[in-house]
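Residues per chain are reported as follows:
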Amino acid sequence: MTYPQYQQDLQRIHESEVYGIALFGTAARLSRGARRKNQWLALMALEERTLERYQAYMHASGQALVEPVWWRYKGYLEGAALAVLPWRMAMKLLADGTAPFQERFLRLKSNADGADLEFFTYVYAHEKAIEAFARKELAGDQNSLKAVQSLLAG
């Protein structure tokens, strides 16, 4: 699969997962209350699962991994902020923050076929699940992790 932004979009998956693990892990460590801590940990588990799948995809396709160190530090800083912000503000920022990742992941999915399509469909779905969590939290839905849990169970 090739299109002009392919390599940057592919690298963005790696950046997103490293960032998300640091973001959600830090938010979980600094959060008060078991419910919110567990929510952050579920999101972190989804990011870990997606990073594993990304690494396997890159290995299977013979592509080099470039470690996105800056994204890890960005995740630590922003995770600390999410933990102390009012919940509604944190959820609004989280939902809005998925948009640039979704754009890239949808482009990967739209340009994929065959075995690549399954992987990029999953990558896009995982980002949509994070957005759905935040939007459901904003709406007061008690089952806000449904899409996340579905992906983790699959």
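Anything mentioned here points back to the structure above.
The paragraphs below set out a description of the structure included in this document. (Residues numbered from 1 in each chain as written. Predicted model: local features only at pLDDT ≥ 70, side-chain atom pairs only at ≥ 80, totals over all residues. Heavy atoms only, no water.)

1. Side note on the overall build of the chain
Along its length, the chain carries seven helices and zero strands. Along its sequence from the N terminus, the chain presents helices and strands in the succession α-α-α-α-α-α-α. Principal-axis analysis of the C-alpha atoms places the extent of the chain at approximately 45 × 30 × 25 Å. Within the span of the chain, comprising 154 residues, buried residues form 45% of the whole. Counting only contacts in the chain whose residues sit at least 6 apart along the sequence, the fraction spanning at least 24 positions is 77%. One finds the centroid of the 19 positive side-chain charges in the chain at a distance of 8 Å from the centroid of its 17 negative side-chain charges. (Helix = DSSP H or I, 4+ residues; strand = E, 2+ residues; numbered from the N terminus. Buried < 20%, exposed > 50% of the residue type's maximum accessible area, 1.4 Å probe, protein only. Contact = heavy atoms within 4.5 Å. Lys, Arg positive; Asp, Glu negative; His and termini not counted. Charge placed at Lys NZ, Arg CZ, Asp CG, Glu CD.)

2. Overview of the side chain of Gln102
Positionally, Gln102 belongs in helix H5 (residues 99-110). In this structure Gln102 comes out as buried when scored by relative accessible area, which is 9%. A distance of 2.8 Å separates the side chain of Gln102 from the side chain of Thr98, its partner in a polar contact. Apart from the residues lying within four places of it in its own chain, the contact partners of Gln102 are Tyr124, Glu127, Lys128 and Glu131. (Polar contact = N/O pair within 3.5 Å; in protein donor to acceptor, adjacent residues only side chain to side chain.)

3. Some points on the environment of Leu94
Counting through the fold element by element, Leu94 comes out in helix H4 (residues 87-97). Once the C-alpha coordinates of Leu94 and Phe133 are considered, the two residues, 39 residues apart in sequence, prove to be 9.2 Å apart. Not counting residues within four places of it along the chain, the set of residues in contact with Leu94 comprises Phe24, Trp40, Leu43, Ile130, Phe133 and Ala134.

4. Re the pattern of salt bridges
Inspection of the entire model under this criterion finds ten salt bridges. Across the pair Arg107 and Asp9 runs a salt bridge whose closest N-O atoms are separated by 2.6 Å. One end of the pair, Arg107, is in helix H5; the other, Asp9, is in helix H1 (residues 6-30), with 98 residues separating them in the sequence. The class for Arg107 is partly exposed, based on a relative accessible area of 24%. Put simply, Asp96 and Lys92 hold a salt bridge, and the shortest N to O gap is 2.7 Å. Residue Asp96 and its partner Lys92 are both found in helix H4; the two are separated by four residues, about one turn of the helix. Its relative accessible area of 34% is what places Asp96 among the partly exposed residues. Salt bridges sharing partners connect three or more residues here, namely Lys92, Asp96, Lys128, Glu131 and Arg135. (Salt bridge = Lys/Arg side-chain N within 4 Å of Asp/Glu carboxyl O.)

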